[in-house]
Amino acid sequence: MPATHQRLYINIDHVATLRQARRADEPDPVAAAQECERAGADGITAHLREDRRHIQDDDVRRLAATVRTVLNLEMALTEEMLGIAVSLQPYQVTFVPERREEITTEGGLDVARDPRALRDGIERLKRAGIRSSLFIAPDTDAVARSREVGADAVELHTGRYAHAPHEARTIDALRNAARQAATAGLAVHAGHGLTVRNVGPVAAVPEIEELNIGHSIVSRAVFVGLEKAVHEMREAMRAAGR
Ligand code: PXP
């Protein structure tokens, strides 16, 4: 069983989704981030989407100023977002694909589409002292290309697994991609669609050092509060040996 501590970063986007449903000032995702940190989160993740459907620019500014653990900023690879990241200096940027019509980030980055732009974006972040991670499907080609463009880490998309956790091929794909990435010297993260019920086998993959989890924790918090929701997720990870 892997002995190393696995980091739990909590994505607080959907606290902002609830606020934006009324364009009101509550619930505040920054206050939620603080509550998650008090409950033991190792980091806070927020996705500043180009359409600003949940997290707003001011949220990211306040998160950058108040997060005591680390801030992982998810964003598309655009000039505007790179400028925001360089000025706010999050600990880490995770590049994600964005399509305006999607409900959530549905697929991994197409690392083959414009490797030069990715390499330049990663380089720009590196010069600013910001670590970069690429949100990719768990496949051989995407992992190999992520290394070629100079990323520090990959975040393996667990969506397919979350939809079919009992199909061996979905967890096998994650295990294989995690091993390949770690062997290539990349840090390995994972996330999307993880819940206390399905997180176990992913948490148990020894190379995966960080999980990014949002929707299920925020959903559970409606009934039991954020602190307990975070503790329940930690407990599920602990039960898997992390
Ligand atoms: N990681 C990335 C890169 C994401 O885009 C998301 C969803 O915003 C998550 C993790 C968290 O997914 P979920 O909200 O399903 O836990």
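See above for the structure.
A quick note: this is a predicted structure, and the numbers were derived from the prediction, not measured.

Engineer: Lay out the layout of surface pockets with the relevant residues and their values.
Structural biologist: In this structure, the second largest pocket spans a volume of roughly 300 Å³. As for the second largest pocket, its lining consists of 13 residues, of which Leu77, Pro97, Leu109, Asp110 and Arg113 are closest to the centre. Among the residues forming the lining of the second largest pocket, the class breakdown is seven nonpolar, one polar and five charged.

Engineer: If you had to explain the pairing of strand β1 (residues 7-11) to someone new, which residues and values would you point to?
Structural biologist: Regular strands have side chains that alternate between both faces of the sheet. In terms of burial, β1 is a largely internal element, four of the five residues being buried. Where β1 lies against strand β8 (residues 208-213), four bridges are found, and the strand directions are parallel. Looking at β8, one finds that Tyr9 is bridged to Asn212. Inspection of the sheet shows β1 paired to strand β2 (residues 43-47) by three bridges, in the parallel sense. Of the residues in β2, the one forming a bridge with Ile10 is Ile44.

Engineer: Just give me the short version of the site of the ligand, but keep the residues and values in it.
Structural biologist: Around the ligand sit 13 residues in total, of which Glu74, Glu155, Gly193, Gly214 and His215 are the nearest. With respect to the ligand, the side chain of Glu155 contributes an N or O atom lying 2.5 Å from a nitrogen atom. Between the ligand and Gly193 there is a distance of 2.8 Å, counted from an oxygen atom to a backbone nitrogen or oxygen. When the ligand is considered free in solution it has 390 Å² of accessible area, and contact with the protein chains removes 95% of it. Here the residues of the shell around the ligand are counted per class, giving three nonpolar, seven polar and three charged.

Engineer: Any details on the sheet that holds strand β7 (residues 187-191)? Residues and values, ideally.
Structural biologist: Ordered in space as β1-β2-β3-β4-β5-β6-β7-β8, the eight strands form a closed barrel in which the pairing is parallel. For this sheet the average axis-to-axis angle between neighbouring strands, irrespective of direction, equals 25°. In this structure, β2 lies alongside strand β3 (residues 71-75), joined through four bridges in parallel fashion. For His47, the partnering residue across the bridge sits in β3 and is Glu74. Here helix α11 (residues 226-239) sits on the sheet and contacts β1 and β8; the angle it forms with β1, its principal contact strand, is near 145°.

Engineer: An account of the pattern of salt bridges is needed here, citing residue identities and associated values.
Structural biologist: Where charged atoms from two side chains of opposite charge come close, those side chains can pair. For the structure shown, the criterion picks out 21 salt bridges. As a salt-bridge pair, Asp58 and Arg62 come within 3.3 Å of each other at their nearest N and O atoms. Residue Asp58 and its partner Arg62 are both found in helix α3 (residues 57-66); the two are separated by four residues, about one turn of the helix. Relative accessible area serves as the criterion here: at 28%, Arg62 is assigned to the partly exposed category. Ionic pairing is found between Arg238 and Glu235, a salt bridge with its closest N-O pair at 2.8 Å. Residue Arg238 and its partner Glu235 are located together in helix α11, separated by three residues, close to a single helical turn. The exposure class of Glu235 is partly exposed, given its relative accessible area of 42%. Because the salt bridges share partners, they merge into one network encompassing Arg19, Asp28, Asp58, Asp59, Arg61 and Arg62.

Engineer: Now, about helix α4 (residues 79-88): what can you tell me, with residues and values included?
Structural biologist: If you check which residues of α4 are buried, you get Met81, Leu82, Ile84 and Ala85. Across the axial projection of α4, the buried residues extend over an arc of 160°, all falling on one side. The exposed residues of α4 that point more than 90 degrees off its buried face are Glu79 and Ser87. Elements in contact with the buried residues of α4: α3, β3, β4 (92-95) and α5 (115-127). Trailing α4 by a residue or two, Gln89 shows a phi angle of about 55°, which is positive.

Engineer: How would you sum up the packing of α4 against α5? Please name residues and give values.
Structural biologist: The N-to-C vectors of α4 and α5 enclose an angle of 15°; their axes lie 10 Å apart at closest approach. For the element pair α4 / α5, the angle class is roughly parallel. The handedness of the crossing between α4 and α5 comes out as right-handed. Contacts between α4 and α5 involve Glu79, Leu82, Gly83, Ala85 and Val86 on the former and, on the latter, Gly121, Arg124 and Leu125. Of the residues belonging to the contact of α4 with α5, the class tally is four nonpolar, two polar and two charged.

What counts, and at which threshold
- Residues numbered from 1 in each chain as written.
- Predicted model: local features only at pLDDT ≥ 70, side-chain atom pairs only at ≥ 80, totals over all residues.
- Heavy atoms only, no water.
- 1 Å grid on protein atoms, 1.4 Å probe; cavity = no way out; pocket = protein on both sides within 12 Å on 5 of 7 lines; lining within 4 Å.
- Points joined across faces, edges and corners; volume = space filled by probe spheres on them.
- Nonpolar A, V, L, I, M, F, W, Y, C, P; charged D, E, K, R; others polar.
- Buried < 20%, exposed > 50% of the residue type's maximum accessible area, 1.4 Å probe, protein only.
- Helix = DSSP H or I, 4+ residues; strand = E, 2+ residues; numbered from the N terminus.
- Pairing = 2+ DSSP bridges.
- Near = heavy atom within 4 Å.
- Polar contact = N/O pair within 3.5 Å; in protein donor to acceptor, adjacent residues only side chain to side chain.
- Areas by Shrake-Rupley, 256 points an atom, 1.4 Å probe, with all protein chains shown as cover.
- Axes fitted to C-alpha atoms, helices over the stretch in contact; angles between N-to-C directions.
- Contact = heavy atoms within 4.5 Å.
- Salt bridge = Lys/Arg side-chain N within 4 Å of Asp/Glu carboxyl O.
- Arc of directions from axis to C-beta.
- Parallel < 35°, antiparallel > 145°, perpendicular 65-115°, else oblique.
- Left-handed = near helix turned anticlockwise from the far one by under 90°.

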